[in-house]
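Residue-level structure breakdown
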Amino acid sequence: MLFFSFFKTLVDQEVTVELKNDIEIKGTLKSVDQYLNLKLDNISCVNESKYPHLQSVKNLFIRGSTVRYVHMSPNSVDCTLLQDASRREAMVQSAK
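The residue numbers shown here count from 1 along each chain, following its written sequence. Only residues with pLDDT of at least 70 get local features here, since the model is predicted, and only at 80 or more are side-chain atom pairs given and counted; chain-wide, interface and lining totals rely on the full set of residues. Calculation of side-chain values draws on the structure's entire complement of heavy atoms; hydrogens and water are dropped beforehand.

Secondary structure elements are taken from DSSP: a helix is a run of H or I of four residues or more, a strand is a run of E of two residues or more, and numbering for both begins at the N terminus. Regarding its fold elements, the chain presents two helices and five strands. N-terminal to C-terminal, the α/β element order of the chain is α-β-β-β-β-β-α. Seen along its three principal axes, the alpha-carbon backbone of the chain occupies a region of about 50 × 25 × 20 Å. Think of it in three bands: with a 1.4 Å probe and only protein chains considered, a residue is buried below 20% of the maximum accessible area for its type, exposed above 50%, and partly exposed in between. Within the chain, buried positions represent 28% of all 96 residues. Residue pairs at least 24 apart in sequence account for 44% of intrachain contacts in the chain once pairs closer than 6 positions are excluded. Within the structure as shown, the chain displays about 6600 Å² of accessible surface, and the carbon and sulfur contribution to it stands at 53%. Residue contacts are defined here by distance: any two heavy atoms, one from each residue, within 4.5 Å place the two residues in contact. Methods summary: accessible areas were calculated by the Shrake-Rupley approach with a probe of 1.4 Å, and residue burial reflects only the protein chains presented.

So, about the side chain of glutamate 18. Looking at where glutamate 18 falls in the secondary structure, it is placed in strand β1 (residues 14–19). Assessed through its relative accessible area of 13%, glutamate 18 is described here as buried. In this structure the side chain of glutamate 18 is engaged in a polar contact, spanning 3.4 Å, whose partner is the side chain of histidine 71. Excluding its chain neighbours within four sequence positions, the residues that come into contact with glutamate 18 are Ile23, Glu24, Val67, Arg68, Tyr69 and His71. Pairs of N or O atoms are called polar contacts if they sit within 3.5 Å, as long as, within protein, a hydrogen donor faces a hydrogen acceptor (for residues adjacent in sequence, only side-chain-to-side-chain pairs).

What follows concerns the side chain of threonine 16. Position of threonine 16 among the secondary structure elements: in strand β1. Not counting residues within four places of it along the chain, the set of residues in contact with threonine 16 comprises Glu24, Ile25, Lys26, Val46, Tyr69, Val70 and His71.

Another point: the nonpolar core. Nonpolar cores were defined as sets of buried Ala, Val, Leu, Ile, Met, Phe, Trp, Tyr and Cys residues, with membership established by side-chain atoms within 4.5 Å. Counting 19 residues, the largest nonpolar core has Val17, Leu19, Ile23, Leu38, Leu40 and Ile62 as the members making the most contacts within it. For this core, the elements supplying multiple residues, two or more each, are α1 (2–8), β1, β2 (24–32) and β3 (38–45). At four residues, the largest contribution of residues to this core is made by β3. Setting aside chain neighbours within four positions, we find isoleucine 23 in contact with Val17, Glu18, Cys45, Tyr51 and Leu54.

Moving on to the environment of leucine 38. Along the chain, leucine 38 falls in strand β3. Sequence separation between leucine 38 and valine 67 is 29 residues; the distance between their C-alpha atoms is 9.2 Å. In contact with leucine 38, not counting residues within four places along its chain, are Val17, Leu29, Ser31, Val32, Leu60, Phe61, Ile62, Val67 and Val70.

With that out of the way, let us pick up the layout of surface pockets. Think of a ball as big as a water molecule: rolled over the atoms, this probe shows where empty space is left. Points on a 1 Å grid, built from protein atoms alone, make a cavity when a 1.4 Å probe fits but cannot get out and make a pocket when they are open with protein on both sides within 12 Å along at least 5 of 7 lines; residues with an atom within 4 Å of a point are the lining residues. Grid points are joined across faces, edges and corners, and a volume is the space filled by probe spheres set on the points. One number sums up the size of the largest pocket: a volume of about 150 Å³. Lining the largest pocket, in full, are Leu2, Ser5, Phe6, Thr9, Ser76, Asp78, Leu81, Leu82 and Ala85. Counting residues per element, the ones that place at least two in the lining of the largest pocket are α1 and α2 (79–95). A breakdown of the residues in the lining of the largest pocket according to their chemical character gives five nonpolar, three polar and one charged. Any residue outside Ala, Val, Leu, Ile, Met, Phe, Trp, Tyr, Cys, Pro, Asp, Glu, Lys and Arg is labelled polar, Gly included; the first ten of those are nonpolar and the last four are charged.

Take a look at the structure:
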């Protein structure tokens, strides 16, 4: 639940998603769900010469299980909010 809440704060931010099949896609994060499925708008492939078929695609839905990494700007991350949420989540898990 922590990652879902964190990714919701990144909506309308520019992100780069690296998939497990080594494709990197840059775009604007439009939505995320509890399975960490991502919807991106205004996408571009980082290596367009290797994947020319992606040049005509403008928006994309990415299944969460295919994502390896999500890269984002360090300025878009509120570290104190993330640390507090991590502590709260750890306390809830230890109370179980």
